[in-house]
Amino acid sequence: MALAWEDKEVSFDVPYSEMRLKLGEKVIDKLDNIEDTKGNAGDRGRVIVTNLRILWHCINSPRVNLSIGFNCIISINTKIVNSRISGTTQALHLLTISDGTRYEFVFTNLHQGNVRLFTSVVGVHKAYITSKFYRELKLRAGVVHNKKLKILPQEQVVSNVHGVWNLSSTQGSLGTFIVTNVRFVWFADINEGFNISLPYLQLESVLIKDLKFGRTLVIKSTKRSGSFILGFKVDPEEKLTTLYKELTSLHIVFLNNPIYGVEYKWSSNEADVEQSRDILGDLETIEDPKNEIGNTLTAYLADEGHKKDRLPVYCKELGLAVEAIKEGYTLKKLWEVIPSN
């Protein structure tokens, strides 16, 4: 399974294959008649809130769409806007950051007075933020209390292995290795604050290697989590082999059915949202015009710290003097559209 990017990126006009739900991704809410007031004013669209991201697509052309990962969101507010369809009204305002660039989004519910969009996004974002132990490597975190694991809501302990040496230092540290259905945790016996929690989502490989310490369990985390290489000495060898097989098996099971830990329950009796990976439903059959202009990046740039114009520079592509482009951008990236025939 490819490492999830959906919650960590802001993407524009993604292909249908990337709009489909990935393994473990669940639809939490779906709302029609939502306008992307910032970039596609006047177009009716649909917002789909999942446990990883917020999706918006134009009803008439699903090719025009947005994918906003919850990990990218800096702030969520309401804002008074002037919608082409609804006039002056209150809208959902998101400030985000992706790859070092800030974007802002404004979504207007065309059913005035309906606050469900705001409620859903705020609620799911809070659930996402408070469930990071499912998705992120943690060092020296509050995962253990009185030598007992603080179990997560969807977590089940599979085994506790005592007398496991962590070989991160020259002398090593003796501790306890706990295996669950979503992660493994190791903590030192003399100081439970010295610990590591590594979810299977960030686990790249598990191997047994012959090192200077003897047969050693070697675990590597993903590049996104820092590419940590962890060594654990487990005696006797039968216990080492059992632990290796257990971790390998649980990792495979997890990748086939990942648990991201984001759970949100409606306080009211809202109807359950149908779970289908083909979230566009019958709209996927609509043929997209080949010459249609999609979202341009400039419409969403959030430059709230802008105080004065940048100095003009000569642009070879245009043959003109233009304001210097922000660092990290190119003229092609900012203005790229599909030309009409």
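Please refer to the structure higher up on the page.
Residues numbered from 1 in each chain as written. Predicted model: local features only at pLDDT ≥ 70, side-chain atom pairs only at ≥ 80, totals over all residues. Heavy atoms only, no water.

Asks: So what's going on with the packing of aromatic side chains? Residues and values would help.
Replies: For the structure shown, the criterion picks out twelve aromatic pairs. Ring geometry for Phe177 and Phe184: centres 4.8 Å apart, planes at 10 degrees, overall stacked. Ring centres of Trp186 and Phe232 lie 6.4 Å apart, and the angle between their planes is 50 degrees; this geometry places the pair in the tilted category. Taken as a pair, Trp186 in strand β14 (residues 183–188) and Phe232 in strand β18 (residues 229–233) lie far apart in primary sequence, 46 residues in all. Considered together, Trp186 and Phe232 belong to a single accessibility category, that of buried residues. Directly above the ring of Tyr128 sits Arg135, whose terminal nitrogen or CZ lies 3.8 Å from the centroid. (Phe/Tyr/Trp six-rings, centres within 6.5 Å; stacked < 30°, edge-to-face > 60°. Helix = DSSP H or I, 4+ residues; strand = E, 2+ residues; numbered from the N terminus. Buried < 20%, exposed > 50% of the residue type's maximum accessible area, 1.4 Å probe, protein only. Lys NZ or Arg CZ within 6 Å of the ring centre and 35° of its normal.)

Asks: Break down the sheet that holds strand β3 (residues 44–50) for me, with residues and values.
Replies: Taken together, the eight strands give an open sheet; going across it, the order is β1-β5-β4-β3-β2-β8-β7-β6, and neighbouring strands pair in antiparallel fashion. If you trace the sheet from one side to the other, it starts and ends with β1 (10–12) and β6 (73–83), each paired once. Taking each pair of neighbouring strands and ignoring which way they run, the sheet shows an average axis angle of 30 degrees. In this structure, strand β2 (residues 27–36) lies alongside strand β8 (residues 101–109), joined through three bridges in antiparallel fashion. Bridge pairing in β8 places Glu35 opposite Thr108. (Pairing = 2+ DSSP bridges. Axes fitted to C-alpha atoms, helices over the stretch in contact; angles between N-to-C directions.)

Asks: Tell me about the environment of Gly175, and please be specific about residues and values.
Replies: Relative to the assigned elements, Gly175 resides in strand β13 (residues 173–180). Under the relative-accessibility criterion, Gly175 is labelled buried at 0%. Separated by 20 residues in sequence, Gly175 and Asn195 have C-alpha atoms that sit 9.0 Å apart. In this view, Gly175 contacts Val161, His162, Gly163, Val164, Trp186, Phe187, Ala188 and Asp189; residues no more than four positions away in its chain are not counted. (Contact = heavy atoms within 4.5 Å.)

Asks: So what about unusual backbone geometry? Which residues, and what values?
Replies: Omega for the peptide link from Asp235 to Pro236 comes to -5 degrees, which places this bond in the cis form. Here Pro236 shows up in the loop between β18 and α3 (237–256). Positioned with a positive phi, Asp99 is a non-glycine residue whose angle comes to about 50 degrees. With respect to the secondary-structure elements, Asp99 resides in the loop between β7 (87–98) and β8. In this model, Lys147 sits at a positive phi of 65 degrees, which is unusual for a non-glycine residue. Structurally, Lys147 can be placed in the loop between β10 (144–145) and β11 (148–149).

Asks: Lay out the pattern of salt bridges in plain terms, naming residues and giving numbers.
Replies: One pass over the structure, following the stated rule, counts twelve salt bridges. Where Glu136 meets Lys138, a salt bridge forms, and the shortest distance between an N and an O atom there is 3.3 Å. Its relative accessible area of 23% is what places Lys138 among the partly exposed residues. Between Lys233 and Asp235 there is a salt bridge; the shortest N-O distance is 3.8 Å. A residue is classified by how much of its surface remains accessible, and Lys233, at 15% relative accessible area, is buried. Because the salt bridges share partners, they merge into one network encompassing Asp210, Arg215 and Glu237. (Salt bridge = Lys/Arg side-chain N within 4 Å of Asp/Glu carboxyl O.)

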